[in-house]
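Residues per chain, in single letters:
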Amino acid sequence: MAKILYIVLLLAYCAALTSALSCLECGTYPCPKPKCRKRVTIVKDACRCCDVCSKQLYQKCGGPFGIVGTCDPKRRLVCVEKPICDEDSVMFPANGYCLRKRDVGIVEKLCKLPGMVCPKPKTPPFFRID
């Protein structure tokens, strides 16, 4: 009896860890027209069916299957989902923040210098190099 209970609990645990994005077939539902601010790039949603507004500097992005959003590619923004300097720690459990690609590159280079410690603020902006 204990063995069966153990197996049932193990299966329940595995089922809880499993996640999937379930998308309907494109064209089988109406897509709302995005209402973006001026100069905001339109990108596809996580299911790659509907147009949505891209995420801008310091906005949340990424997430499981990209459901939180995509950073604006025309502004050269990238979704950073973990601390740039500390590869081992997990700052955002799947969500990230849109940052400038050039700023990420500069910080990555600075982090390689001996004795460099990157600041790890709790909220964006993580760094600002203008």
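Above this text sits the structure in question.
As the structure is a prediction and not an experimental result, all values here were calculated from the model. (Residues numbered from 1 in each chain as written. Predicted model: local features only at pLDDT ≥ 70, side-chain atom pairs only at ≥ 80, totals over all residues. Heavy atoms only, no water.)

A.B. asks: Explain a nonpolar patch on the surface to me, and be specific about the residues and the numbers.
C.D. replies: The grouping of Leu21, Phe65 and Ile67 at the surface amounts to a nonpolar patch, some 280 Å² of accessible area in total. Taking relative accessible area as the criterion, Leu21 reaches 34% and is therefore assigned partly exposed. (Patch = residues over 30% accessible without salt bridge, like charges linked within 9 Å, V, L, I, M, F, W, Y side chains within 5 Å. Areas by Shrake-Rupley, 256 points an atom, 1.4 Å probe, with all protein chains shown as cover. Salt bridge = Lys/Arg side-chain N within 4 Å of Asp/Glu carboxyl O. Buried < 20%, exposed > 50% of the residue type's maximum accessible area, 1.4 Å probe, protein only.)

A.B. asks: How would you sum up the environment of Asp51? Please name residues and give values.
C.D. replies: Considering the arrangement of structural elements, one finds Asp51 in strand E2 (residues 51-53). Since its relative accessible area comes to 34%, Asp51 is described here as partly exposed. In this structure the C-alpha to C-alpha distance between Asp51 and Pro34, which are 17 residues apart in sequence, comes to 6.5 Å. Contact partners of Asp51, with chain neighbours within four places excluded, come to Pro32, Pro34, Ile42, Val43 and Lys44. Within polar-contact distance, the side chain of Asp51 engages the side chain of Lys44 at 2.9 Å. (Helix = DSSP H or I, 4+ residues; strand = E, 2+ residues; numbered from the N terminus. Contact = heavy atoms within 4.5 Å. Polar contact = N/O pair within 3.5 Å; in protein donor to acceptor, adjacent residues only side chain to side chain.)

A.B. asks: An account of the pattern of salt bridges is needed here, citing residue identities and associated values.
C.D. replies: Across all of its chains, the model carries four salt bridges by this definition. Note that Arg100 is salt-bridged to Asp103, the shortest N-O span being 3.0 Å. By relative accessible area, which is 1% here, Asp103 ends up buried. With a shortest N-O distance of 3.9 Å, Asp103 and Arg102 are connected by a salt bridge. Judged by relative accessible area, Arg102 falls into the partly exposed class, the value being 48%. Three or more residues joined by partner-sharing salt bridges are found here, namely Arg100, Arg102 and Asp103.

None of the figures reported here should be taken as evidence of function without further support.
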